[in-house]
Amino acid sequence: MGAPILDEELSMIGGEFDLIDRFFKRSSTHHNRELALGIGDDCALLNHSAQTQWAVSTDMLVEGRHFLSTVAPERLGHKALAVNLSDLAACGAQPSVFFLALSMPNPDEAFLQAFSQGMFALADVMQVTLAGGDTTAGPLSICITVMGRVQTGMALRRDSAQPDDEVWVSHPVNSGIGDARLALEVFRGTCSLAQADFATTRDRLELPSPRVQLGLALKDVSRCAIDLSDGLCGDLNHILKASQVGAEIFLGQIPRSGAMLSQPLDRQHQFLLEGGDDYELLFTAAPQHHLRIRELAAQLGLGISCIGRITAQPGLKIWNEQGQALMTRYASFDHFQTSRWGLDES
Ligand code: ADP
Ligand code: MG
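Bear in mind the structure is a predicted one, so any value in this text is a computation, not a measurement.

Basis of the calculations
Residues numbered from 1 in each chain as written. Chains lettered and ligands numbered in written order. Predicted model: local features only at pLDDT ≥ 70, side-chain atom pairs only at ≥ 80, totals over all residues. Heavy atoms only, no water. Axes fitted to C-alpha atoms, helices over the stretch in contact; angles between N-to-C directions. Helix = DSSP H or I, 4+ residues; strand = E, 2+ residues; numbered from the N terminus. Parallel < 35°, antiparallel > 145°, perpendicular 65-115°, else oblique. Left-handed = near helix turned anticlockwise from the far one by under 90°. Contact = heavy atoms within 4.5 Å. Nonpolar A, V, L, I, M, F, W, Y, C, P; charged D, E, K, R; others polar. Phe/Tyr/Trp six-rings, centres within 6.5 Å; stacked < 30°, edge-to-face > 60°. Buried < 20%, exposed > 50% of the residue type's maximum accessible area, 1.4 Å probe, protein only. Core = buried A, V, L, I, M, F, W, Y, C linked by side-chain atoms within 4.5 Å. Pairing = 2+ DSSP bridges. Salt bridge = Lys/Arg side-chain N within 4 Å of Asp/Glu carboxyl O.

Undergrad: Pulling in residues and values, what's your account of the packing of helix α2 (residues 73-91) against helix α3 (residues 109-126)?
TA: Between α2 and α3, whose axes approach to 6 Å, the crossing angle comes to 40°. The orientation of α2 with respect to α3, classified from their angle, is oblique. At the point where α2 passes α3, the crossing takes the right-handed sense. Residues Pro-73, Glu-74, Leu-76, Gly-77, His-78, Leu-81, Ala-82 and Leu-85 of α2 touch α3, and the partners they reach there are Phe-111, Ala-114, Phe-115, Gly-118, Met-119, Leu-122, Ala-123 and Met-126. By residue class, the composition of the contact of α2 with α3 is 12 nonpolar, three polar and one charged.

Structure, rendered in structure tokens:
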């Protein structure tokens, strides 16, 4: 999960997803009738009753890798829960309970006070209850597991995109995606922003808003979604691979904030396509739902932009603002390998 703060080294094993496939994904000989969907989506789905399933997801934040040591503990508490709720949102699940496993070098009272305050403020808004966890001494790392309810068979899944579906992305009204990466690059010193722009992009990095209400509302119009944690190209590719389809994306339709528009065009493209840490929803829906989705955006006070369409032909094609095929290759965050996504694999 989540874009790493530090650049990664190549590994002999291959990328994060190869590693999961090779060592942790097991064949159907270990069939479990309670497990409706296992490794490979934003949440696992467990059968609960004829009407409902549990959606379950776990995500870990490690200091220096997922967050900078300078982040305010209150924001860290918010983000640790938010990135997990975002996976429930991506499956269209209603949050229920969460578990917190915390490792920290020493029991710092001020840290714990602020961290728990930030975490519970979001938990109260999302009506999700802390039900257990584990606490140990060690390097600062936070692992949260969330559980949410979804109507049986109605979860949004990565493998359900259909040719001709439109591709949509959520974002704050009058803003866009890629701002979390932009803030990170300011921290890294590779670009600069006006003070007010830095404040808003920093909020996008440190205080993501899990789109739980949107995920729940999508059940009427969509079967397929993912949350943007590793970057648009990489996350969309998970959908394309799972659904065995392709897509074309129009860069000119990808929403951008004022801060993003202040950057050179090539960097805008990089942040929009490989950004990471947005925690917005990317989903697909049949064109007949176009107007309904626009209405949903207005009802939820959210931006939702149509940025492309699903194709029967495999591969990801990206068209620039002038309608030309983009030839640059963009990376997706991978904890063990910076994989490159071909923009036209055909
Ligand atoms: P997300 O970004 O939505 O949190 P990830 O990219 O972290 O998802 O993980 C992709 C899939 O691989 C998920 O279904 C996740 O549950 C699974 N996964 C990740 N790490 C492991 C692991 N060590 N063992 C088993 N499954 C894993
Ligand atoms: Mg996810």
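The discussion continues.
Undergrad: So what's going on with the packing of aromatic side chains? Residues and values would help.
TA: Enumeration according to the criterion identifies three aromatic pairs in this entry. Aromatic pair Phe-111 and Phe-115: ring centres 5.6 Å apart, planes at 15°, arrangement stacked. On the criterion of helical spacing, the pair formed by Phe-111 and Phe-115 is a turn pair, its members being four residues apart in helix α3. We classify Phe-115 as buried; its relative accessible area is 2%.

Undergrad: How would you explain the packing of α2 against helix α5 (residues 195-206) if you had to name every residue and give the values?
TA: Where α2 meets α5, the axes come as close as 9 Å, and the angle between the chain directions of the two elements is 50°. By the angle between their directions, the pair α2 and α5 is classed as oblique. For the pair α2 and α5, contact is made by Arg-75, His-78 and Lys-79 and by Arg-202, Asp-203, Leu-205 and Glu-206, respectively. For the contact of α2 with α5, the class distribution of residues is one nonpolar, one polar and five charged.

Undergrad: Lay out the nonpolar core in plain terms, naming residues and giving numbers.
TA: In terms of nonpolar packing, the biggest core is built from 52 residues, with Leu-76, Leu-81, Leu-85, Ile-142 and Ile-144 touching the most fellow members. Non-local contacts of Leu-85, meaning those with residues more than four positions away in its chain, are made with Pro-95, Leu-122, Met-126, Val-128, Val-146, Pro-210 and Val-212. With 32 residues, the next largest nonpolar core counts Ile-177, Ile-226, Phe-271 and Leu-282 among its residues.

Undergrad: Give me the lowdown on the sheet that holds strand β6 (residues 141-151), citing residues and values where you can.
TA: Spatially, the six strands line up as an open sheet ordered β1-β2-β3-β6-β4-β5, and their pairing is mixed. Both edges of this open sheet fall to β1 (35-37) and β5 (129-137), since each of them pairs with a single strand only. Adjacent strand axes in the sheet meet at a mean angle of 20° when their direction is disregarded. Where strand β2 (residues 44-47) and strand β3 (residues 52-62) come together, four bridges link them in antiparallel fashion. Counted as the bridge partner of Leu-46 is Trp-54 from β3.

Undergrad: Describe the pattern of salt bridges, naming the residues involved and giving the relevant values.
TA: Under the definition given, this model contains 17 salt bridges. Residues Asp-41 and Arg-158 are paired through a salt bridge, measuring 3.8 Å at the closest nitrogen-oxygen approach. Of this pair, Asp-41 sits in the loop between β1 and β2 while Arg-158 sits in the loop between β6 and β7 (166-171); the two residues are 117 residues apart in sequence, bridging distant segments of the chain. Neither residue differs from the other here; Asp-41 and Arg-158 are each classed as buried. With a closest N to O distance of 2.8 Å, Asp-159 and Arg-157 form a salt bridge. With a relative accessible area of 34%, Asp-159 lands in the partly exposed category.

Undergrad: Quick one: what's the story with unusual backbone geometry, residue by residue and with numbers?
TA: Phi is positive for Asp-164, close to 80°, though the residue is something other than glycine. Tracing the backbone through its elements, the reader meets Asp-164 in the loop between β6 and β7. At Asp-277, a position not held by glycine, the phi torsion is positive, near 65°. Inspection of the secondary structure puts Asp-277 in the loop between α9 (265-274) and β10 (281-285). Look at Asp-277 and you get buried, because its relative accessible area is 4%.

Undergrad: Tell me what's going on with the sheet that holds strand β11 (residues 303-311), and back it up with residues and numbers.
TA: On the basis of which strands lie adjacent, the open sheet formed by six strands has the order β8-β10-β7-β11-β9-β12 and mixed pairing. Two strands in the sheet have a free side with no partner beyond their single neighbour: β8 (222-227) and β12 (315-319). Strand-to-strand twist across the sheet, computed as the mean angle between neighbouring axes with direction ignored, equals 25°. Two elements, β7 and β10, share four bridges in a ladder whose sense is antiparallel. Residue pairing for β10: Val-167 is matched across the bridge by Thr-284.

So yeah, pure geometry; function would need other evidence.
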